[in-house]
Structure formats: C-alpha cells, structure tokens
Amino acid sequence: MVTAPGPTSSVEETPASTGKVDRKYYEKELARLQAELVKQQEHVRARGLRVVVLFEGRDAAGKGGAIQRITESLNPRHAHVVALPAPTEREKGQWYFQRYVAHLPGPGEMVLFDRSWYNRAGVERVMGFCTDEEYEEFLRSCPEFERMLVRSGITVLKYWFSVSDTEQEKRFQKRLEDPTKRWKLSPMDLEARNRWVDFSRAKDAMFAATDIPEAPWWVVEAEVKKRARLNVIAHLLSQVPYDDLTPPAPELPPRPPVQDDYVRPPKESQHIVPDVVP
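Residues numbered from 1 in each chain as written. Predicted model: local features only at pLDDT ≥ 70, side-chain atom pairs only at ≥ 80, totals over all residues. Heavy atoms only, no water.

**Observations concerning the overall build of the protein**
Of regular secondary structure, the protein possesses 10 helices and 5 strands. Considered along the principal axes of its C-alpha atoms, the protein spans approximately 80 × 50 × 45 Å. A separation of at least 24 residues holds for 80% of the contacts in the protein among residues at least 6 apart in sequence. Summing over all exposed atoms, the protein offers an accessible surface of approximately 16900 Å²; the carbon and sulfur share of this is 54%. (Helix = DSSP H or I, 4+ residues; strand = E, 2+ residues; numbered from the N terminus. Contact = heavy atoms within 4.5 Å. Areas by Shrake-Rupley, 256 points an atom, 1.4 Å probe, with all protein chains shown as cover.)

Shown next, in the form of structure tokens:
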C-alpha cells in the first residue's frame, strides 16, 4: 500500500511502480516498442511533423538511459539529442530561451532534450545561478513560450523522471564503484545531493507554474529503470499517433561481376587495425 505524500513530501518519495521487471520480458517488449518507434519516426518524417521531448528529473533518475533506448534504433538524421553545456558569457546575456530555440526541430524531425530550458527552474534556482527576478520571469514566460511552440505546430512533451532519495543514493554509489560511470558524478551532482528538499520545493513550484494543458508534465516513476524505460516509450508512442508507413523491402538484384581489369592493392600498403581478439 502506498502512503499519500504529506504536505512537506514530494512525489519522488512515494514511487508506486517498484516491482522488478523480468529480463526476458523486458528485452522482448523493448524490441517491440523500438520497432514501433521506427514506424513513428517514419510517420513524423513523411508528414513533416515537429516533435520536442523534454527529459527532466533528479540526477541519476535514468533520463539518459531512457533517451538511449528511444534513439538507438532511430535514424539520427531525423532524431537529435540535445544536451547543452553551461551557457557561455555571451549566451548569459541573450534572451534566456534563445540558445534552445536554435535546436528546435525542422519538418520531419524529433528533438530530445536531455535537460532543457527548465534548468532555470531547477539547478539555477537552487544553486543561485540566476536572480530572483530572472527566476520569476522564467515562470511567467515559460508557459507562453511553450504555447507559442504548440501554436506553431510543434508537439511538446515533458517528462519528469521521479526517483526516491534512497534509490538515487544507490545509483550514486554504483557510479563511484564503476570507473566508466564516474564521469556522471559532477561536483554539481554532489551538491544537489545535499539539497534534496530544496530541489523538491523548486520542482513543485515549477509544476505549479508550467503544467499547462497545451504541454502538461508527465511523471515517469523511475525507481526501476527498466520499468521506466518501457513506460515512457509506450507513452511517447501514444502521444504522437502514427500510421505504419514502413516502405517495402527492396529487391536486391544479383551483384555485378567484378571487372577483370581491377587489381586490389596489397594489404601491406594499408594500415590494418591489429586483431587483438583471442
């Protein structure tokens, strides 16, 4: 039984979907959903649609892994991942949304933001990287900005990956133990770990101001990564209806014979990658 959050709690602390996912089921269902994503992408491309998907949430909530599973079977010409670094001095002096506008999709494209303009409502607010005036202006202008995108024909989907502090701590510890994942733990992540409640309050205020009918927030319960990935992909497929426009497989004619006058250069003239596999 799930206990309802109290007045000082946040949704991250009461995840409902904590059941483990069978590995065989996960792999089979993921393959099925990825095949549907390919169909959806072809529909988006053929119809000239424009789709923006925002991925927000706690550090180590599983945003990157979900994005990877969504895009790994897609054509990278039409599905782009945007993960912007900290703004430059020049960008700090621009209209806040300006550097994000440059990455919005063209016809037939889907853009997935691994963190987005909501940095201002989260890390910038909590860490003091913006003024109170800049923060308040963001909360006022962000809904209008997103309404403008929707009116222009862009589909805007916003996902918040929700994870408990206990599960986040487990994932942080695993990153410390794995040399290939240590780069994911930045000083900013460690400081955010100390400000859990501050981030909860910032997220609650962000939802209150920017959860609009034209572009609502969708909460992905991410306590179990595999469950979260399947759920968010299934939801993404449901939010952008598509027809199966998969082109028929072309017939491959017999390969033409190699011309008799062609002589391949000797291997000794090329730099061959050493075969180190036993």
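**Considerations on the nonpolar core**
One finds Val53, Phe55, Ile70, Tyr159, Phe161 and Ile233 to be the most contacted residues of the largest nonpolar core, which totals 31 residues. When contributions to this core are tallied by element, the ones reaching two or more residues are α1 (23–47), β1 (50–57), α2 (63–71), β3 (109–114), β4 (154–162) and α10 (225–239). Here this core gets 6 residues from one element, more than from any other, and that element is α10. Setting aside chain neighbours within four positions, we find valine 53 in contact with Met110, Val111, Leu112, Phe113, Leu157, Tyr159 and Leu236. Counting residues in hydrophobic clusters, the runner-up holds 27 residues, among them Tyr100, Tyr135, Cys142 and Trp217. (Core = buried A, V, L, I, M, F, W, Y, C linked by side-chain atoms within 4.5 Å. Buried < 20%, exposed > 50% of the residue type's maximum accessible area, 1.4 Å probe, protein only.)

**Notes on the environment of phenylalanine 145**
Among the structural elements, phenylalanine 145 can be located in helix α6 (residues 132–151). Given the relative accessible area of 5%, phenylalanine 145 is considered buried. Dropping the residues within four chain positions of it, phenylalanine 145 is found in contact with Trp95, Phe97, Val101 and Trp117.

**Observations concerning the packing of aromatic side chains**
Taken as a whole and judged by the stated rule, the model has 19 aromatic pairs. Taken together, a centroid distance of 4.8 Å and an interplanar angle of 65 degrees make the contact between tyrosine 118 and tryptophan 217 edge-to-face. Pair noted here: tyrosine 118 is in the loop between β3 and α5 (123–127) and tryptophan 217 is in strand β5 (residues 217–221), with a separation of 99 residues, a long-range link. Tryptophan 217 gets classed as buried once you look at its relative accessible area, which sits at 7%. (Phe/Tyr/Trp six-rings, centres within 6.5 Å; stacked < 30°, edge-to-face > 60°.)

**Notes on the UniProt feature "domain: Polyphosphate kinase-2-related" (unreviewed entry) in the protein**
When the UniProt feature table is mapped to this numbering, "domain: Polyphosphate kinase-2-related" (unreviewed entry) covers residues 21–244. The straight-line gap between the two end C-alpha atoms of residues 21–244 is 29 Å; of that span, 52% is helix and 14% is strand. (UniProt positions renumbered as here; feature names shortened; annotations may be inferred.)

**Remarks on α2**
Looking at α2, one finds that the buried residues are Lys63, Gly65, Ala66, Ile67, Ile70 and Thr71. Along its buried surface, α2 packs onto α1, β1, β2 (79–82), β3, β4 and α10.

**Section: the environment of isoleucine 70**
Mapping isoleucine 70 onto the fold places it in helix α2. Residue isoleucine 70 is classed as buried on the basis of its relative accessible area, which comes to 1%. For the pair isoleucine 70 and valine 232, spaced 162 residues apart in sequence, the C-alpha to C-alpha distance is 9.1 Å. When residues no more than four places from it in sequence are discounted, the contact partners of isoleucine 70 are Leu37, Phe55, Leu112, Ile233 and Leu236.

**So, the sheet that holds β3**
Pairing in this open sheet of 5 strands is parallel, and the strands run β2-β3-β1-β4-β5 from one edge to the other. Of all strands in the sheet, those bounded by a partner on one side alone are β2 and β5. Adjacent strand axes in the sheet meet at a mean angle of 20 degrees, parallel and antiparallel pairs treated alike. α6 contacts β1 and β4 of the sheet and is inclined by roughly 135 degrees relative to β4. (Pairing = 2+ DSSP bridges. Axes fitted to C-alpha atoms, helices over the stretch in contact; angles between N-to-C directions.)

**A short note on a positive patch on the surface**
Together, Lys20, Lys170, Lys174, Lys181, Lys184 and Lys225 make up a region of like positive charge exposed at the surface. Under the relative-accessibility criterion, lysine 225 is labelled partly exposed at 35%. (Patch = residues over 30% accessible without salt bridge, like charges linked within 9 Å, V, L, I, M, F, W, Y side chains within 5 Å. Salt bridge = Lys/Arg side-chain N within 4 Å of Asp/Glu carboxyl O. Lys, Arg positive; Asp, Glu negative; His and termini not counted. Charge placed at Lys NZ, Arg CZ, Asp CG, Glu CD.)

**Here's the deal with the side chain of arginine 171**
Relative to the helices and strands, arginine 171 resides in helix α7 (residues 165–177). The exposure class of arginine 171 is buried, given its relative accessible area of 5%. Of note is the side chain of arginine 171, whose polar atom sits 2.8 Å from the backbone oxygen of alanine 60. Non-local contacts of arginine 171, meaning those with residues more than four positions away in its chain, are made with Ala60, Ala61, Gly62, Val163, Ala222, Glu223, Val224 and Lys225. (Polar contact = N/O pair within 3.5 Å; in protein donor to acceptor, adjacent residues only side chain to side chain.)

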